[in-house]
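Residue strings, one per chain:
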Amino acid sequence: MYKPDRVVICEVGPRDGLQNEEKVLTVEEKISLIEKVADAGFKVIEVGSFMHPRAVPQMATTDEVFRGLRKKEGVEYRALIGNARGVERAVACGCDKVKLNVSACREHNLANLNMTPEESVARFKESTDLARAHQIAVSGSISMPFGSPWQYRIPVEEVKTIVEAYIDLGITEISLSDASGMAMPDQVYDLCSRLKADYPEVKWILHFHNTRGMGIANIVAAMAAGITWFDASFGGLGGCPFVPGAAGNVVTEDVVHMCEEMGIETGINLDKGLEIARWVGRLVAHELPGFVLKAGKNSDLLK
Ligand code: ZN
């Protein structure tokens, strides 16, 4: 079976996980968490978002978190934004990478925003121009490219149109986010293979939610297609307020554990990762769905 020698796991728990938690962590707790994550070896961390605080109150303190953070050399600290206001906030607090997002679901986008997804992307020009003027890197995300509750499966041609709209803006780091948890491994393999071949200039990041238990299987399928960048969340924290029954992201420690067992390098200290997940479980005051968190590592069985 084809597998990569090494992969990069981006920790998105501080944003995608915590934004869906009832309990809002303090700025100090968030900073401490992000510093622990960097210390465990993660090279990419999604710190928070610059959405309107009324829309996402859990992320209202992202600016303060960035200001208080002791950044580690060689680690990328990114944030999700909705528009140019997000870039202004990024500039003001020292965030040097922002991520834009559009829904791949044409029907949803037309009903909500009265424009197609690619028209939405074209409107990001104001944000990308402003970001570039301030030396801030920009990446793009496409949510629900595999399926949405409104449109079921999304035709590949529709996803490609959105990818091309991002490329037109000069964005060549694109994440495919299965926010609805509807992706299946064969579909992931096919879409990733096709997009990789058609747009070799793009760096792809795959972002899976475990809503129907398919997160890890989908990661394996994407790896088989040559994808090496993945988002994950410690303990499997999170969900999605717009998707019925949504579960959190694929579990960071479970992915790292699988990679270790499969001989795929991650650069992450799994024991530290497990400690973080246990600590986060105490902070949010409920049990987290991680498997290795409960069962321990394979290698623990030999002790
Ligand atoms: Zn997500």
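The structure under discussion appears in the preceding block.
Quantities reported herein were computed from a predicted structural model and do not represent experimental measurements. (Residues numbered from 1 in each chain as written. Predicted model: local features only at pLDDT ≥ 70, side-chain atom pairs only at ≥ 80, totals over all residues. Heavy atoms only, no water.)

Asks: Is there a simple way to think about the overall build of the protein chain in this case?
Replies: The number of helices and strands found in the protein chain is 13 helices and 10 strands. Each principal axis of the C-alpha distribution contributes one length, and for the protein chain these read about 55 × 45 × 35 Å. If the 33 positive side-chain charges of the protein chain are averaged to one point and the 41 negative ones to another, these points end up 3 Å apart. (Helix = DSSP H or I, 4+ residues; strand = E, 2+ residues; numbered from the N terminus. Lys, Arg positive; Asp, Glu negative; His and termini not counted. Charge placed at Lys NZ, Arg CZ, Asp CG, Glu CD.)

Asks: What's the story with the environment of Ile216 in this structure? I'm lost.
Replies: By the secondary structure assignment, Ile216 is in helix 10 (residues 215-224). Sequence separation of Ile216 and Phe66 is 150 residues, and the distance between their C-alpha atoms is 31 Å. Setting aside chain neighbours within four positions, we find Ile216 in contact with Asn210, Val250, Asp254, Val255 and Met258. (Contact = heavy atoms within 4.5 Å.)

Asks: Is there a simple way to think about the side chain of Gln151 in this case?
Replies: Along the chain, Gln151 falls in the loop between strand 6 (147-148) and strand 7 (152-153). Among the polar contacts made by the side chain of Gln151, one reaches the side chain of Glu158 at a distance of 3.1 Å. When neighbours within four sequence positions are excluded, Gln151 is seen to be in contact with Cys105, Arg106, Glu107 and Glu158. (Polar contact = N/O pair within 3.5 Å; in protein donor to acceptor, adjacent residues only side chain to side chain.)

Asks: How do you make sense of helix 5 (residues 106-113) when you look at a structure like this?
Replies: In an α-helix there are 3.6 residues to a turn, and that puts residues three or four apart on one side. Among the residues making up helix 5, those that are buried are Arg106, His108 and Asn109. Looking straight down helix 5, one finds its buried side chains confined to an arc of 165°; they lie on one side. On its buried side, helix 5 packs onto strand 4 (97-103), helix 6 (117-122) and helix 8 (156-168). (Buried < 20%, exposed > 50% of the residue type's maximum accessible area, 1.4 Å probe, protein only. Arc of directions from axis to C-beta.)

Asks: Looking at this model, I keep getting lost on the pairing of strand 3 (residues 76-80). Mind explaining?
Replies: Consecutive residues of a regular strand have side chains that alternate between opposite faces of the sheet. Buried residues dominate strand 3, accounting for four of its five residues. On the question of chirality, the crossover connecting strand 2 (residues 44-49) to the parallel strand 3 by way of helix 3 (residues 62-68) is right-handed. (Right-handed = clockwise from strand over helix to strand, strands pointing away.)

Asks: I tried to follow the coordination of the zinc ion on my own but got confused; where do I start?
Replies: For a metal with four tetrahedral donors the ideal donor-metal-donor angle is 109.5 degrees, whereas six octahedral donors ideally subtend 90 or 180 degrees. Donor atoms from the polypeptide that bind the zinc ion are Asp16 (OD), His207 (NE2) and His209 (NE2), placed at 1.9 to 2.1 Å. The motif formed by the donor residues of the zinc ion, counted along the single chain, is D-x190-H-x1-H. The pair His207 / His209 is uniform in exposure class, with both members buried. (Donors = N, O, S within 2.8 Å, 3.2 Å for Na, K, Ca; no water.)

Asks: Can you walk me through helix 11 (residues 252-261) in this structure?
Replies: Summarising burial for helix 11: eight of the 10 residues are buried, a large majority. Within the span of helix 11, buried status applies to Thr252, Glu253, Asp254, Val255, Val256, His257, Met258 and Cys259. Contact partners of the buried residues in helix 11: strand 1 (8-11), helix 10, strand 10 (229-232), helix 12 (270-284) and helix 13 (291-295).

Geometry only, nothing functional implied.
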